[in-house]
Amino acid sequence: PEPIIRVRQLKHIYQAGSQPKVALDEVSLEIARGSCTAIIGVTGSGKSTLIQHFNGLLFPSAGEVIVDGVKVIARGVDLRLLRQRVGMLFQFPEMQLFEKTLFDDVAFGPRRMKLPSAEIEVRVNTALESVGLAPQRYAKRSPFELSGGQRRRAALAGVLAMQPTVLILDEPTVGLDAEARTEFYTYLREASLERGITIILVSHDMTEVAALADNLLVLHQGRLVAQGTPRTIFAQADQLIGWGLAPPPLHELFVLLRQQGVPLPVDVYSLEEA
Ligand code: ADP
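Everything numeric in this text was worked out from a predicted model, so none of it was measured. (Residues numbered from 1 in each chain as written. Predicted model: local features only at pLDDT ≥ 70, side-chain atom pairs only at ≥ 80, totals over all residues. Heavy atoms only, no water.)

*Asks:* Any chance you could explain the nonpolar core here in plain terms?
*Replies:* A general feature of soluble globular proteins is that nonpolar side chains tend to end up buried together. Ranked by size, the top nonpolar core spans 50 residues in total, and within it Leu156, Leu167 and Leu169 carry the most contacts. Take this core: its biggest share by element is six residues, from helix α6 (residues 148–160). Once you skip the residues sitting within four places of it in the chain, Leu169 turns out to touch Leu89, Leu156, Phe184, Leu188, Ile199, Ile200, Leu201 and Val202. (Core = buried A, V, L, I, M, F, W, Y, C linked by side-chain atoms within 4.5 Å. Buried < 20%, exposed > 50% of the residue type's maximum accessible area, 1.4 Å probe, protein only. Helix = DSSP H or I, 4+ residues; strand = E, 2+ residues; numbered from the N terminus. Contact = heavy atoms within 4.5 Å.)

So, in structure tokens, the structure goes:
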């Protein structure tokens, strides 16, 4: 099958002051439709530069990025449509909740799409349901009455209501406690599996990526230095350390997987221990 994202020889240069900065170079990759791909690498390795090419927030200095058959270029592409298809949840997304009720917050995107109000209502209620915020109970509440974990999931509902084909999450659980993290990922996984959404995750938490992703992309100094299943990537401990990363402790991984209590979608590299 056609990959949903194809990147060829991507180069990105920031023109900051007099000194151009090459943030990505010679990056070629493919992301399979319906997969969960995690992008890992130390701070400054190019992760956020890369993901911003997937919904037209940045454009290649050289090379190309093709999303769902459409080449991402500055002109001649419907960027609104692209950004509907490729939803992005930034860090601390609950900062973007500002309406009086949760319903209005989740409805914000669909309303901008000028959908009929009946359709908006169905989308909002479905999205709230799928992140564990039953609409009968939560739709009329103020986002400010919710817990941190609930607000984060409300922000996720706002993206799901746009019905994206691809969902990009940048450090989605930073600042949440262990329980709220597990909940967030459980709802995310169910919602994406149900809808066949391709997930692209940027995370510093190696335990999370090992538990969630079926494909890892490792960036180091703007280059793609490795890709593969968590099993193959985390087996290369020496190389990982050279890139400033480390395989997750097995006991943490098992605890997380057990908490999630869902069938493992991934090639967990450590199952031989079981
Ligand atoms: P990561 O997300 O992995 O932390 P980034 O994509 O943010 O990495 O950054 C990659 C490189 O590009 C870093 O060296 C960073 O300093 C540089 N960079 C990022 N954004 C800008 C910018 N707006 N102007 C100049 N340099 C930038």
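After that view of the structure, there is still more to cover.
*Asks:* Can you help me understand the pairing of strand β10 (residues 223–228) in this one?
*Replies:* Each regular strand carries side chains that alternate between the two faces of the sheet. Where strand β9 (residues 215–220) and β10 come together, five bridges link them in antiparallel fashion. Among the inter-strand pairings, Leu219 is bridged to a residue of β10, identified as Leu224. (Pairing = 2+ DSSP bridges.)

*Asks:* What's the story with the layout of surface pockets in this structure? I'm lost.
*Replies:* One way to see where empty space is left: roll a probe the size of a water molecule over the atoms. In this structure, the largest pocket spans a volume of roughly 760 Å³. Counting residues per element, the ones that place at least two in the lining of the largest pocket are α2 (79–85), β6 (86–89), α3 (102–112) and α6. At six residues, α3 tops the list of elements feeding residues into the lining of the largest pocket. Here the lining of the largest pocket is built from residues that sort into 17 nonpolar, six polar and four charged. (1 Å grid on protein atoms, 1.4 Å probe; cavity = no way out; pocket = protein on both sides within 12 Å on 5 of 7 lines; lining within 4 Å. Points joined across faces, edges and corners; volume = space filled by probe spheres on them. Nonpolar A, V, L, I, M, F, W, Y, C, P; charged D, E, K, R; others polar.)

*Asks:* It is not clear to me how the environment of Ile4 should be interpreted in this structure. Could you clarify?
*Replies:* Assignment of secondary structure puts Ile4 in the segment before β1 (5–16). Residues Ile4 and Thr198, 194 residues apart in the sequence, show an inter-C-alpha distance of 8.1 Å. Setting aside residues up to four positions removed in sequence, Ile4 forms contacts with Ile31, Ala32, Arg33, Ile66, Val67, Asp68, Thr165, Val166 and Thr198.

*Asks:* I tried to follow the pairing of strand β8 (residues 198–202) on my own but got confused; where do I start?
*Replies:* Taking burial as the measure, the five residues of β8 include five buried ones, the bulk of the element. Of the two faces of β8, the one lined by Thr198, Ile200 and Val202 and the one lined by Ile199 and Leu201 are each fully buried. In this sheet, β8 lies alongside strand β3 (residues 36–40) in parallel orientation, the contact comprising four bridges. Each residue of the ladder has a partner; that of Ile39, found in β8, is Val202. Crossover connection from strand β7 (residues 166–170) via helix α7 (residues 178–195) to parallel β8: handedness right-handed. (Right-handed = clockwise from strand over helix to strand, strands pointing away.)

*Asks:* Whenever I open this one, the pattern of salt bridges confuses me. Can you help?
*Replies:* Opposite charge on two side chains allows them to pair when their charged atoms are near. Enumeration over the complete set of coordinates arrives at 14 salt bridges. The partner of Lys11 in a salt bridge is Asp25, and the shortest N-O contact between them spans 3.5 Å. Of this pair, Lys11 sits in strand β1 while Asp25 sits in strand β2 (residues 19–31); the two residues are 14 residues apart in sequence, bridging distant segments of the chain. For Lys11, a relative accessible area of 25% gives the class partly exposed. Two residues, Arg223 and Asp25, come together in a salt bridge whose shortest N-O distance is 3.0 Å. (Salt bridge = Lys/Arg side-chain N within 4 Å of Asp/Glu carboxyl O.)

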